[in-house]
Amino acid sequence: MTTPPVTSTLLPPAPLTVAAVQADPTPGDLPGNAVTAARLLARAAGQGARVAVLPELFLPAYHPPTLAADPAGTDVAATGDGAVDDPRLDPVRSAARDGRLTAVVGAAVRHPDGRRTISALVVDPTGAVRAGYDKQQLWGGERDLFDAGRRGASLLVDGWRLGLGICYDGCFPEHARAAAVDGAHGYLCPSGYLAGSGHRRDLYYAARALDNTMYVVFANAVDGAEPWRFNGGAAVYDPQGRPLARGADSGEDVLVATLDPAVLAATRSAHTMLADRPVDQGFPRTALPA
């Protein structure tokens, strides 16, 4: 049985320092949360990060009642090519420029065709903002407020190919696998895990790393008020699923780690699941009465 080829087996040319952020935005306060994002990005840049990932829906905060009641105040608008030009994001733009980093920031995005999505905004080192990826797997009541994304996406930074996912996307092995088959060296996941879900939070993203022998950068919301209280635990996982950096279950933090192409190469040489995978596991099955 043949296997689908990986799009690219090229390794990145040099290490890349990344940051996974956990923080507690204020529901509905997009301008204030943009200022907080800028502060966190400056902190990440000060520790040498070239890429920083903030939590899911960070700009409006993950608070469904507010998202439902005030879409005009909580959403940003994207043009047909995905560009976002909203003066409320100026602090984030400035922080990306000043820190010479690429930021992945959670937002609610309104598209020209009327779709509303949970999205990862990509802010590049020039300060340009675009809706880089729309969440494909919506969770629970999100379906009442948002539309599912229509395609995957990967971010290219300094020779690194980094698949984009958002929270519940990472619960599906196929999502990260699609990024890996497309040649991803890493997987970036802005998320919003509620308190009480720590076991699943720590299992899913370590598993996605090991499944695909790639790095995973997991950002998460933290603290907040019931019933929307979040559990932090932001982390960077190596290609065997071991945490290189991990946050506590409460409190703001910026977790910084360096992704190493030599470690990536050694792991993929020793653990060849990605190369050995079959097209599918749909062989005939036998039922065994006992």
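Just above, that's the structure.
Because the structure is a prediction, the values reported are computed rather than measured. (Residues numbered from 1 in each chain as written. Predicted model: local features only at pLDDT ≥ 70, side-chain atom pairs only at ≥ 80, totals over all residues. Heavy atoms only, no water.)

**Let's talk about the overall build of the protein**
Here's step 1: Along its length, the protein carries nine helices and 14 strands.
Here's step 2: In summary, the protein has a C-alpha radius of gyration of 19 Å against a globular reference of 19 Å for 290 residues, a match within 12%.
Here's step 3: Here the protein holds 290 residues, and the buried ones make up 50% of them.
Here's step 4: Within the protein, contacts between residues at least 6 apart in sequence are counted, and of these 69% link residues at least 24 apart. (Helix = DSSP H or I, 4+ residues; strand = E, 2+ residues; numbered from the N terminus. Rg over C-alpha atoms; globule rule 2.2 N^0.38 Å. Buried < 20%, exposed > 50% of the residue type's maximum accessible area, 1.4 Å probe, protein only. Contact = heavy atoms within 4.5 Å.)

**Observations regarding the packing of helix α6 (residues 173–181) against helix α7 (residues 198–212)**
When two helices pack together, their arrangement is given by the angle between the helix axes and the distance between those axes.
Here's step 1: Put simply, α6 and α7 touch, their axes get as near as 10 Å, and they point 40° apart. When the axes of α6 and α7 are compared, the pair comes out oblique. Note that α6 runs across α7; the crossing there is right-handed. Facing α6, whose interface residues are P173, A176, R177 and A180, α7 presents R208, D211 and N212.
Here's step 2: Of the residues contributing to the contact of α6 with α7, the split by class is three nonpolar, one polar and three charged. (Axes fitted to C-alpha atoms, helices over the stretch in contact; angles between N-to-C directions. Parallel < 35°, antiparallel > 145°, perpendicular 65-115°, else oblique. Left-handed = near helix turned anticlockwise from the far one by under 90°. Nonpolar A, V, L, I, M, F, W, Y, C, P; charged D, E, K, R; others polar.)

**Here's the deal with unusual backbone geometry**
Here's step 1: P227 follows E226 through a cis peptide bond whose omega is -5°.
Here's step 2: Summarising the element assignment, P227 is placed in the loop between β10 (215–223) and β11 (230–231).
Here's step 3: Look at T213: it is not a glycine, yet its phi comes out positive at around 40°.
Here's step 4: In this structure T213 comes out as buried when scored by relative accessible area, which is 1%.

**Focus on helix α4 (residues 90–99)**
Here's step 1: For α4, the full list of buried residues reads V92, R93, A95 and A96. Down the axis of α4, the buried side of the element spans an arc of 165°, and every buried residue falls inside it.
Here's step 2: Along its buried surface, α4 packs onto α1 (30–46), β4 (102–110), β5 (116–123) and β6 (129–134).
Here's step 3: Following α4 by one or two positions, R100 adopts a phi angle in the positive range, close to 50°. (Arc of directions from axis to C-beta.)

**What to know about the packing of aromatic side chains**
Here's step 1: With the rule as written, the count across this model stands at eight aromatic pairs.
Here's step 2: For the pair Y62 and W228, a centre-to-centre distance of 6.1 Å together with 45° between the ring planes defines the contact as tilted. With a gap of 166 residues between them, Y62 in the loop between β2 (51–53) and α2 (64–69) and W228 in the loop between β10 and β11 connect regions that are remote in the sequence.
Here's step 3: Residue W228 is classed as partly exposed on the basis of its relative accessible area of 21%.
Here's step 4: Each ring, one from Y168 and one from F172, has its centre 5.0 Å from the other, and the planes form 75°; the classification is edge-to-face.
Here's step 5: In this structure Y168 comes out as partly exposed when scored by relative accessible area, which is 24%. (Phe/Tyr/Trp six-rings, centres within 6.5 Å; stacked < 30°, edge-to-face > 60°.)

**Thoughts on the packing of α1 against α4**
Here's step 1: In contact at an axis separation of 8 Å, α1 and α4 are set at 10° when each is read in the N-to-C sense. Relative to α4, the element α1 lies roughly parallel. Residue-level contacts link A34, V35, A37, A38, L41 and A45 of α1 to P91, V92, A95 and G99 of α4.
Here's step 2: For the contact of α1 with α4, the class distribution of residues is nine nonpolar, one polar and no charged.

**Observations concerning the environment of L288**
Here's step 1: Within the secondary structure layout, L288 lies in the segment after α9 (273–276).
Here's step 2: A relative accessible area of 73% means that L288 is categorised as exposed.
Here's step 3: In this structure the C-alpha to C-alpha distance between L288 and L203, which are 85 residues apart in sequence, comes to 31 Å.

**With respect to the nonpolar core**
Here's step 1: Counting 53 residues, the largest nonpolar core has L16, V51 and L188 as the members making the most contacts within it.
Here's step 2: Top element by residues in this core is β10. It accounts for six residues.
Here's step 3: Dropping the residues within four chain positions of it, V51 is found in contact with L16, T17, V18, A19, T102, V157, L162 and L188.
Here's step 4: One finds L41, A45, A95 and V129 within the second-largest nonpolar core, a separate group that totals 33 residues. (Core = buried A, V, L, I, M, F, W, Y, C linked by side-chain atoms within 4.5 Å.)

**Focus: the pairing of β10**
Here's step 1: The buried count for β10 comes to eight of nine residues, which makes it a mostly enclosed element.
Here's step 2: Where strand β1 (residues 16–23) meets β10, two bridges bridge the pair, whose relative direction is parallel. Looking at β10, one finds that Q22 is bridged to N220.
Here's step 3: After leaving strand β9 (residues 186–191), the chain enters α7 and then returns to the sheet as β10, a path that is right-handed.
Here's step 4: Pairing analysis gives three bridges linking β10 to strand β12 (residues 235–237), with the strands arranged antiparallel. (Pairing = 2+ DSSP bridges. Right-handed = clockwise from strand over helix to strand, strands pointing away.)

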